[in-house]
Protein chains: 2
Amino acid sequence: MGDAPLPAEHVLIVFYMHMPEPLQEEFRRKFAGARVTIHKSEPGKPVPPELYQSATVLVTFTDLPDPKDATNLKFIHSFSAGLDHLMQHPILRETDIPITTSSGIHGPPIAEWTVMNWLVSSRQYVKTYEAQKAHVWADKSQFMHGLHDQVGKKVGILGYGSIGRQIARVSIALGMTVYAHTASPRTTEESRRDTHYIVPGTGDPDGSIPVSWHHGTDRESIRSFLALGLDHLVISLPLTPETTYLLGPEEFAILSDNCHHHATKPYVTNISRGKVIDQKALIEALKSGVLGGAALDVTDPEPLPKDNPLWDAPNVQISPHMSSLGNEYWPRSIDIAVLNLGRLQRGEPLVNAYNRRRGY
Amino acid sequence: MGDAPLPAEHVLIVFYMHMPEPLQEEFRRKFAGARVTIHKSEPGKPVPPELYQSATVLVTFTDLPDPKDATNLKFIHSFSAGLDHLMQHPILRETDIPITTSSGIHGPPIAEWTVMNWLVSSRQYVKTYEAQKAHVWADKSQFMHGLHDQVGKKVGILGYGSIGRQIARVSIALGMTVYAHTASPRTTEESRRDTHYIVPGTGDPDGSIPVSWHHGTDRESIRSFLALGLDHLVISLPLTPETTYLLGPEEFAILSDNCHHHATKPYVTNISRGKVIDQKALIEALKSGVLGGAALDVTDPEPLPKDNPLWDAPNVQISPHMSSLGNEYWPRSIDIAVLNLGRLQRGEPLVNAYNRRRGY
C-alpha cells in the first residue's frame, strides 16, 4: 500500500491487547521502510512519553499523548470510526495535529453479517444445521414451500453510510431493489457520493444504487419511508435523541401493512443501537406475525439479560454486538493510516480527516 | 407477464402433488385471459386423454401425452431444467411440438444457498446461534480473530452456467474476484453470453464478470485452474464419466498449496453431484486442514447414511439436495412458459427451446 520508502518515519501503534505475531508482521509490512513500534498499553499505566516524543505517526485506539510530548507527530490515526470518546482530550482541543478515523471499514463485515442473517432466515439454514447434527438427511419436500429468495424484494436502508452502501451493493446483486433514507436531503449527485474511506471493490461510491432517496429526521418522514412497500428494513443510523425509540408499534404496523409480498412479512435488521427500537413492541410484532423476523446485532440493554423475552421471540437472530469484528478489522484500519501517510507526504488532503470545527 | 389476452388458449398444468391454492391462483394470474386447468397426476394413473386433447399449452414435470392426443398442443413447457428423464418418450421422438425447459431458474436460490454457507462458515454463525439458544451474550473478544470476510478473496467456478453466473454476481458485490472454468473454450464475446432464460436482475448475461476464463475437460486443465490461488472452489458442472471423482487428494492439495491467503484455507462448495468428489479424500483434507471447510448440497450416496463420517467432518455444512427449492421454483418456471407463449404468438424464437437433434 505504501508509496515510497519511509526511512524517516517512526510509526507508533498503541493497542490495549496483545496483537498476534502474524498481525504485527502484517502491520510492519504495510508500513514498509518505516520504523514501527507496537506497544501494548496497560490500564492505568501511561505510554512512556519518550515513545510519543519520537513517533512521527501515531496509530491508537484510546491512548493519546500530552500535547507537549507530540513534538514530532505528523498525524494521528484512530482505530475507531468515531472520536466521541476522545473529544475532550487536549490533543483535540489544543493542537491542530491532523487526526484521521477508521470510518468506512465496517461496511464489508457488517454487510456480510446482514446478508448472512437474511439468508439464514429465508433459506431456513437452522433446519439443515440441526438435521446434520442429528445425522438426518431431511425430507426435501419440507423445503419446497416456506423457503424463499431475495429476488425482487425491496430493502429500505435507514442511514446510507458505508455500511448501508455495502448492503445495497450486495442487495442489487441478489436481484433486490434499494431505497435510501438519510437525515439531510441528498438531491444532487455530489451530495450522494461517499466521501469517507471506501474498502476497494465495495460500497456505492457514487450513490447510484438506490432507486429513490428519501430524507428527514421527523417521524412523518420515517413513516412515509416505511410505507414504500419494503420487504426489508435495515437500521443503520446513529442513536440520537431523535432516533431513540424511533421504531415502535405503529411503525411496525405501517411497514407490515404496506409490505408488497403476500407470502412473507417484513424483516427488520438492526446494526445501529438497541434503543432505536422499542424492543417490547418488536417482540410483540414478531409474536403476532406483524413482522416476519429480525436480525439484531444490538439490543436494549447490552448484554441482554438471560431472562429477557427477546431471546426466544419468533424468527429473531441475535448476536452480541460483534458484526463488525474479524481478522480484517485492524489491518484495514492500518490501510487508511498508510494511505494517509502517503497523502501527507505528497501534500494531498487526508481521507477520513477529523474536522475539529464540525466535530466529526 | 402475458402480452395480449389469451381467450383461445387452454393451458394444462400437470403436477404430481397438490399445488397450494395461492400458488394455483398465481399461475392463473400469470396466464391471464387463458383457460387454465391444474391437474394433479396420480402415480400409475394416466392423465385423461380428453384433457390433453383440448390443451393448447402443456406445462408438466414428467407426464406427457401420446402423440395422437396432442392434437392441439402448440408447445410443451417442462418444470425441469433438463429432459434426460423424457428422452425416450414418443412426444420427443415422433413429433416436432416445441418443448421448452426450466433451465436458468436455479441461479438465484442456489447462489443464495452458496453465499449463505460461505458466510455462515466465515462469520461463525453457529457460535451466535448456539449462544442465543442458551440465552448467553457471548464475549465479543472471541470474534476478533478467526472470523474473516470475503473482500479480496478469489473464487473459481467450475461450470459457468446460470448458477455459476449468479454466484459470480454476488461474489463481486462482496468484493471478490471471479475465475470461470468451462468445458469448451469461450474465447469470443459471443461465446461468453448466457443463452438460457435469465431471472431478471440476476446473473452475468454477457459473461463480463470473470477476470479470466479457463477451459478443458482433462485433468490437467482442471489442475491448472485449481492452481490459480483460489480461496473458494465452486463445483457446478454436470456429472459425466469425465467429471466422476474429478476432485481427489491431489486436487485438494494443489488447491491448498496455492491458496493466496495465509490465514484461511480453501473452501469447497459442491452444488453438482456427490460423485464429482472423492468423498473419502474430502473428509481427509478437512481433517488434516488441507481444506478450510466445505458446503455440500450433494453427497455420495444420497441420502447420506446415518453412520457416514462426512456428517462430522470439520467445518462441513451438509444440506439434503435442496438448494434449488423454495416458493419461487414453480412460479418462475411458469414465467418461462408465459414468456414463450407470447413469443410463439408473435412468431419469435422460444427461450430454452429443446433441440431434438442436439439432445439438449
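On a predicted model such as this, the values are computed, not experimentally measured, just so you know.

This part covers the overall build of chain A. For chain A, the count of helices and strands is 11 helices and 12 strands. For 360 residues, the compact-globule formula gives about 21 Å, and the C-alpha radius of gyration of chain A, at 23 Å, lands near that figure. For chain A, the C-alpha atoms occupy an extent of roughly 65 × 50 × 40 Å along the three principal directions. Burial status across chain A gives 57% buried among its 360 residues. Pairs at least 24 apart in sequence give 69% of the contacts found in chain A among residues at least 6 apart. As presented, chain A carries roughly 14,800 Å² of accessible surface, and 53% of it is formed by carbon and sulfur atoms. When the 34 positive and 39 negative side-chain charges of chain A are each reduced to one mean point, those points stand 2 Å apart.

For the rest of this paragraph, the subject is the relation of the copies chain B and chain A. Take chain B, turn it by 180 degrees, move it 0.0 Å along the axis, and it overlays chain A with an RMSD of 0.0 Å. A rotation of that kind, with that shift, is consistent with a two-fold axis. Judged by C-alpha distance, B:Met116 is the residue of chain B that lies nearest the rotation axis, at 2.7 Å.

What follows covers the domain arrangement of chain A. Residues and elements named next belong to chain A. The domain architecture assigned to chain A consists of domain 1 (10–105 + 326–346) and domain 2 (107–318). Between the C-alpha centres of domain 1 and domain 2 there is a distance of 34 Å. In total, domain 1 and domain 2 occlude about 600 Å² of area from one another, counting both sides; carbon and sulfur atoms represent 61% of this. Ranking the residues of domain 1 by area buried against domain 2 places Ser 103, Gly 104 and Arg 332 at the top, with a combined share of 63%. For the pair domain 1 and domain 2, the interface holds 0 salt bridges.

Here we come to the interface of chain B and chain A. Every contact between the two is made by 72 residues of chain B and, on the other side, 70 residues of chain A. Linking chain B with chain A are 6 salt bridges. A salt bridge links A:Arg123 to B:Glu112; its shortest N-O distance comes to 2.8 Å. In this assembly, chain B and chain A are joined by 36 residue pairs in polar contact (both at pLDDT 80 or more). Those elements giving two or more residues to the side of chain B that touches chain A turn out to be helix 4 (107–122), helix 5 (125–133), helix 6 (162–173), strand 12 (316–318) and helix 11 (329–345) of chain B. In terms of residue count, the dominant contributor to the side of chain B that touches chain A is helix 4 of chain B (10 residues). Considering only residue class, the side of chain B that touches chain A consists of 38 nonpolar, 20 polar and 14 charged.

A full pass over the atoms with the stated rule returns 28 salt bridges over all chains. With a closest N to O distance of 2.7 Å, B:Lys133 and A:Glu130 form a salt bridge. Linking B:Lys133 in helix 5 with A:Glu130 in helix 5 (residues 125–133), this pair reaches from one chain into another.

On to the packing of helix 4 of chain B against helix 6 of chain B, then. All names here are of chain B. Contact pair helix 4 / helix 6: the axes reach a minimum separation of 8 Å and the direction vectors enclose 50 degrees. The angle between the axes of helix 4 and helix 6 places the two elements in the oblique class. Read as a crossing pair, helix 4 and helix 6 show a hand that is right-handed. Listed contacts from helix 6 to Gly 107, Pro 108, Ile 110, Ala 111, Thr 114, Val 115 and Trp 118 of helix 4 are Ser 162, Ile 163, Gln 166, Ile 167, Val 170 and Ser 171. Residues that form the contact of helix 4 with helix 6 fall into these classes: 8 nonpolar, 5 polar and no charged.

A word on the pairing of strand 9 (residues 232–235) of chain B. All names here are of chain B. What you see with strand 9 is no split at all: His 232 and Val 234 on one side and Leu 233 and Ile 235 on the other are buried throughout. Of the pairings in the sheet, the one linking strand 6 (residues 154–158) to strand 9 comprises 4 bridges and is parallel in character. Note that in strand 9 the partner of Ile 157 across the bridge is Val 234. Pairing geometry for strand 9 and strand 10 (residues 267–270), over 4 bridges, is parallel. When the sheet's bridge partners are listed, Ile 235 is paired in strand 10 with Asn 270.

Residues and elements named next belong to chain A. For the peptide bond that leads from Asp 300 to Pro 301, omega is 0 degrees, which places it in the cis range. Relative to the helices and strands, Pro 301 is located in the loop between strand 11 (293–296) and strand 12 (316–318). The omega torsion of the bond from Glu 302 to Pro 303 falls at -10 degrees, within 30 degrees of zero and hence cis. Tracing the sequence through the fold places Pro 303 in the loop between strand 11 and strand 12. Positive phi, normally seen in glycine, also occurs at Asn 315, with a value near 55 degrees.

Bringing the nonpolar core into the picture now. A:Phe31, B:Ile13 and B:Phe31 are the most contacted members of the largest nonpolar core, which totals 121 residues. In this structure B:Ile13 touches B:Phe27, B:Phe31, B:Val36, B:Thr37, B:Ile38, B:His39, B:Val59, B:Phe79 and B:Ile334, once residues within four positions along its chain are discounted.

With that out of the way, let us pick up the packing of aromatic side chains. As enumerated under the stated definition, the model contains 20 aromatic pairs over all chains in all. Ring centres of A:Tyr129 and B:Tyr129 lie 5.5 Å apart, and the angle between their planes is 90 degrees; this geometry places the pair in the edge-to-face category. With one member in each of two chains, A:Tyr129 in helix 5 and B:Tyr129 in helix 5 form a pair that bridges those chains. Considered together, A:Tyr129 and B:Tyr129 belong to a single accessibility category, that of buried residues. Taken together through their ring pairs, the aromatic side chains of A:Phe15, A:Tyr16, A:Phe61, A:Phe79, A:Tyr329 and A:Trp330 make up a single cluster.

Checked against the element boundaries, B:Asn117 lands in helix 4. Take B:Asn117: its relative accessible area is 2%, and that puts it in the buried class.

Attention now goes to the sheet that holds strand 5 (residues 99–100) of chain A. All names here are of chain A. Taken in spatial order, the 5 strands line up as 2-1-3-4-5 in an open sheet, and their pairing is parallel. In this open sheet, the two strands that pair with only one neighbour each are strand 2 (35–40) and strand 5. Where strand 1 (residues 10–15) lies against strand 3 (residues 57–60), 3 bridges are found, and the strand directions are parallel. Residue Ile 13 lies in a different strand from strand 3, and its bridge partner there is Val 59. Packed on one face of the sheet, helix 11 (residues 329–345) meets strand 1, strand 3, strand 4 (75–78) and strand 5 and runs near 160 degrees to strand 4.

Rules used in this analysis
- Residues numbered from 1 in each chain as written.
- Chains lettered and ligands numbered in written order.
- Predicted model: local features only at pLDDT ≥ 70, side-chain atom pairs only at ≥ 80, totals over all residues.
- Heavy atoms only, no water.
- Helix = DSSP H or I, 4+ residues; strand = E, 2+ residues; numbered from the N terminus.
- Rg over C-alpha atoms; globule rule 2.2 N^0.38 Å.
- Buried < 20%, exposed > 50% of the residue type's maximum accessible area, 1.4 Å probe, protein only.
- Contact = heavy atoms within 4.5 Å.
- Areas by Shrake-Rupley, 256 points an atom, 1.4 Å probe, with all protein chains shown as cover.
- Lys, Arg positive; Asp, Glu negative; His and termini not counted.
- Charge placed at Lys NZ, Arg CZ, Asp CG, Glu CD.
- Least-squares fit on C-alpha atoms with pLDDT ≥ 70 in both.
- Domains from an automatic or database assignment.
- Buried area = accessible area lost by both parts, 1.4 Å probe.
- Salt bridge = Lys/Arg side-chain N within 4 Å of Asp/Glu carboxyl O.
- Polar contact = N/O pair within 3.5 Å; in protein donor to acceptor, adjacent residues only side chain to side chain.
- Nonpolar A, V, L, I, M, F, W, Y, C, P; charged D, E, K, R; others polar.
- Axes fitted to C-alpha atoms, helices over the stretch in contact; angles between N-to-C directions.
- Parallel < 35°, antiparallel > 145°, perpendicular 65-115°, else oblique.
- Left-handed = near helix turned anticlockwise from the far one by under 90°.
- Pairing = 2+ DSSP bridges.
- Core = buried A, V, L, I, M, F, W, Y, C linked by side-chain atoms within 4.5 Å.
- Phe/Tyr/Trp six-rings, centres within 6.5 Å; stacked < 30°, edge-to-face > 60°.

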